[in-house]
Amino acid sequence: MTPRRLVCIGALAAALLSGCATRAPEPGTSVAEARFDALVVPGRTTRAELLAAFGPTKTVVFDSGMEAWLYTAPAAGGGHTELVLLLGRDGVVRKMRKRPPEPSDATDPTDPKH
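Rules used in this analysis
Residues numbered from 1 in each chain as written. Predicted model: local features only at pLDDT ≥ 70, side-chain atom pairs only at ≥ 80, totals over all residues. Heavy atoms only, no water. Core = buried A, V, L, I, M, F, W, Y, C linked by side-chain atoms within 4.5 Å. Buried < 20%, exposed > 50% of the residue type's maximum accessible area, 1.4 Å probe, protein only. Helix = DSSP H or I, 4+ residues; strand = E, 2+ residues; numbered from the N terminus. Pairing = 2+ DSSP bridges. Axes fitted to C-alpha atoms, helices over the stretch in contact; angles between N-to-C directions. Contact = heavy atoms within 4.5 Å. Phe/Tyr/Trp six-rings, centres within 6.5 Å; stacked < 30°, edge-to-face > 60°. Polar contact = N/O pair within 3.5 Å; in protein donor to acceptor, adjacent residues only side chain to side chain. Salt bridge = Lys/Arg side-chain N within 4 Å of Asp/Glu carboxyl O.

**Q** What is the right way to look at the nonpolar core in this model?
**A** Across soluble globular proteins, nonpolar side chains show a tendency to be buried alongside one another. Core analysis: the largest hydrophobic core is formed by twelve residues, namely V31, F36, V40, L50, F54, W69, Y71, A73, L83, L85, L87 and V93. Sorting the residues of this core by element identifies α3 (47-54), β2 (67-74) and β3 (80-87) as the ones contributing at least two each.

**Q** I would appreciate a short explanation of the sheet that holds β3 in the present structure.
**A** Sheet strands line up and pair through hydrogen bonds in the backbone, either parallel or antiparallel. The antiparallel open sheet is built from four strands, whose spatial order is β1-β2-β3-β4. Edge positions in the sheet fall to β1 (58-61) and β4 (93-99), since each has one partner strand and no second. Each neighbouring strand pair of the sheet contributes to a mean axis angle of 20°, computed without reference to strand direction. Both β1 and β2 contribute to a ladder of four bridges, which runs antiparallel. Bridge pairing in β2 links V61 to E67. Each of β2, β3 and β4 touches α3; the most contacted strand, β2, lies at about 25° to it.

**Q** Explain the packing of aromatic side chains here, please?
**A** Within a pair of aromatic rings, the relevant descriptors are the distance that separates the centres and the angle that separates the planes. Evaluated as defined, the whole model comprises four aromatic pairs. Ring plane angle 40° and centroid distance 5.7 Å describe the contact between F36 and F54, whose orientation is recorded as tilted. In this pair, F36 sits in helix α2 (residues 33-39) while F54 sits in helix α3, placing the two residues 18 residues apart along the sequence. F54 matches F36 in its accessibility class, with the two residues each being buried. The rings of F36, F54, W69 and Y71 are connected pair by pair, giving a single aromatic cluster.

**Q** Just to check I follow, could you spell out the side chain of E67 for this structure?
**A** Within the secondary structure, E67 sits in strand β2. Reaching out from E67, the side chain makes a polar contact with the side chain of R47 at a distance of 3.0 Å. Within the structure, the side chain of E67 is placed 2.7 Å from the side chain of W69, a separation counted as a polar contact. If we skip the residues at most four places from it in the chain, E67 touches R47, T59, V60, V61, F62, L85, L86 and L87.

**Q** I'm lost on the pattern of salt bridges in this one. Help?
**A** Opposite charge on two side chains lets them pair, provided their charged atoms get close. According to the stated counting rule, one finds five salt bridges in the structure shown. Notably, a salt bridge pairs K98 with E33, separated by 3.0 Å at the nearest N-O pair. Of this pair, K98 sits in strand β4 while E33 is found in helix α2, placing the two residues 65 residues apart along the sequence. Overall, the relative accessible area of 32% leaves K98 in the partly exposed class. Given a relative accessible area of 26%, E33 falls into the partly exposed group. The partner of E67 in a salt bridge is R47, and the shortest N-O contact between them spans 3.0 Å. Taken as a pair, E67 in strand β2 and R47 in helix α3 lie far apart in primary sequence, 20 residues in all.

The values reported here are purely geometric and, on their own, carry no functional implication.
Structure below.
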């Protein structure tokens, strides 16, 4: 993979993540982190297995055929852990990354409940 393509993939993944950093997850995208950890194995888990276990989620498809998928998991304190997957052209998970909630993710100052 060329350096330029890696930069593009990183930029698109960052854009995907930044849009979800402080919002509650959309229906169908939130999963239990323990179940996620038990079922997702880079190099083995397939697109079909993800869809069967967790359902569809936010996805970015790159020109290369690779895809970035984003799920969230509820975390203590009301925040959400982001679970990001990179799938190869063959539909197999290549990489997995977790971003724990930031302290500011748990409370939204515009939310009338706070």
